[in-house]
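These are the residues of each chain, in order.
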Amino acid sequence: MSVARIVSALQFCPGSCIFGPPAWHDPAPSLQSQVFNLLLRLLPYKQQLGSAEAVQAHVQRLALQPASFEPVGLGRGVEAILTKMGGWPVYYTAPSSGHEGCNHVMFLHGGGYINEIAPAHWRFVGQMTRKAGIVRVVPIYPLAPRATAKEVVPKTAELLRMLLEDAGSAKVTVVGNSAGAGLALAACQWLRDHGHRQPSRLVLISPGVDASVSRPEQADLAARDPIQDIPGIVEAGRLYAGELDVGHPFVSPLNGAFRSLAPMTIFSGTRDLFYPDSADLAVRARAAGVPVELHLWRDQPHNYAMMPTPEGRRARAMILRAVA
C-alpha cells in the first residue's frame, strides 16, 4: 500500500493523533529539530548503513570488541539491579525511594538487531523510571548474527509472560524503539498465538516492522532520512532472519496477524524511512479491532521521541502518561 493510500485510509494530516484525542495541528518543526537533523547527517550512522559491506564490517568489529551493555547515565534517584533470566542479562531499574506497587515497563532497545543498548537508551530508561515512578525491565537480548529471530522472539515473549505473571494486578507496558519496537510487536503476536495474555499497552517508537524495506516510496525517503539507509537495514535484517525468510512475522511483524493485540501508541516522523510501515501498521491493527494512536509528525527523524528537541520532549511526556 502506498503512502498516499495509507494517508487516505487514515484520514489525517501528519502531526495529528490517530484514533485518539486530537494532538497538535501539524506544527512546523522547531528550530532545534531542524538543526538536529543537520547534525545527525554529520554522525556516522547513515554511513554504517550505506551498504551490506559496511554492515558486515561493523558486525565484525563488534564481534572483536563487543560494546558494553552496562547502565550509564541513569541519573540520580534510580537503582539498577542485574539478574539473569533464560541465560540473558536482564536489568531492573526502579526509583531509589522504593517501588512497592509500581507499574512495570519492559523496554526493548533499538540498534537494528546488531547494535548493543546505547547510552541514549539508558538515559531514556532513567528518565522514565524517575519521572513515572515505574519499574523498568531491560532485557539485554543477544545480537545478530550470533542470535537470530527464531531464538530471540520466543525468548523475549517468555520473559514478558513471566513479567506479566509476576506483576499481578500492576500495569505492564512494553516500550520499544526501532528494532526493539519490531521485537516488541513480534513478541506480543507470539504471546497471543500461545494463549497468553497481552500487556496493557504497546508503545512503539519509530518501529522497524518490515525488514524488506521494499516500498517504492522508501527509495525517496532514504534520501531524507538523516540516520538510515536501505542497503544496511536490509543486510541487518538478513543477518537477524538467519534461516527464516525476512518476510517471516518474527522478522517483519507487519506481516503477522493483529487480532487481540494490546492497544498501541506509535510514534513516527516523515523523515523516518520506516514511517510508511508505521502508518500501515496503524491501519492494519485498527482493522483488526486494536485501539491505535499514531503520532506522525512532520520532518521528524527516526527515533525523534528520544531526542533532545521540543518534539522529543513532547513525545516523552506522552509516553510518560502512557506508562505511569
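In case you missed it, the structure is sitting above this.
All values derive from a computational prediction rather than experimental measurement. (Residues numbered from 1 in each chain as written. Predicted model: local features only at pLDDT ≥ 70, side-chain atom pairs only at ≥ 80, totals over all residues. Heavy atoms only, no water.)

## Overview of the sheet that holds strand β6 (residues 201-205)
- Taken in spatial order, the 8 strands make up an open sheet running β1-β2-β4-β3-β5-β6-β7-β8, and their pairing is mixed. The sheet terminates laterally at β1 (78-85) and β8 (292-301), the two strands that pair on one side only. Across the sheet, the mean angle separating the axes of adjacent strands is 20° when strand polarity is ignored.
- Taken together, the 5 bridges between strand β5 (residues 172-177) and β6 define a ladder with parallel strand orientation. Its bridge partner being in β6, V174 is matched across the sheet by L202. (Pairing = 2+ DSSP bridges. Helix = DSSP H or I, 4+ residues; strand = E, 2+ residues; numbered from the N terminus. Axes fitted to C-alpha atoms, helices over the stretch in contact; angles between N-to-C directions.)

## Observations concerning the pattern of salt bridges
- With the rule as written, the count across this model stands at 11 salt bridges.
- The partner of D277 in a salt bridge is R215, with the nearest N and O atoms 2.6 Å apart. Linking D277 in helix α10 (residues 275-287) with R215 in the loop between β6 and α8 (218-224), this pair joins segments that are 62 residues apart in sequence. Across this residue pair, the class does not change: D277 and R215 are buried.
- Taking the shortest distance from any N to any O, the salt bridge between R238 and E235 comes out at 2.6 Å. Here R238 and its partner E235 are both found in helix α9 (residues 230-241), 3 residues apart, which amounts to about one turn of the helix.
- What makes R238 partly exposed here is its relative accessible area of 44%.
- Salt bridges sharing common partners tie together R215, D277, D280 and R284. (Salt bridge = Lys/Arg side-chain N within 4 Å of Asp/Glu carboxyl O. Buried < 20%, exposed > 50% of the residue type's maximum accessible area, 1.4 Å probe, protein only.)

## Structural notes on the packing of helix α6 (residues 149-167) against helix α7 (residues 179-193)
- In the contact formed by α6 and α7, the axes pass within 8 Å of each other and the chain directions differ by 70°. Considering their axes alone, α6 and α7 lie roughly perpendicular with respect to each other. Within the contact between the two elements, α6 uses V152, V153, P154, T156, A157, E158, L160, R161 and L164 and α7 uses L183, A186, A187, C188, W190 and L191.
- Here the contact of α6 with α7 is built from residues that sort into 12 nonpolar, 1 polar and 2 charged. (Parallel < 35°, antiparallel > 145°, perpendicular 65-115°, else oblique. Contact = heavy atoms within 4.5 Å. Nonpolar A, V, L, I, M, F, W, Y, C, P; charged D, E, K, R; others polar.)

## Here's the deal with the pairing of strand β7 (residues 264-271)
- In terms of burial, β7 is largely enclosed, as 7 of its 8 residues are buried.
- Looking at chain direction, β6 and β7 are connected through 4 bridges and run parallel. Across the sheet, V203 pairs through a bridge with T265, a residue of β7.
- As judged from the 7 bridges shared by β7 and β8, these two strands associate in the parallel manner.

## Topic: the side chain of H121
- Tracing the backbone through its elements, the reader meets H121 in helix α5 (residues 119-132).
- Residue H121 is classed as buried on the basis of its relative accessible area, which comes to 9%.
- Residues within four places of H121 in sequence aside, it is in contact with F107, H109, G110, N177 and M306.

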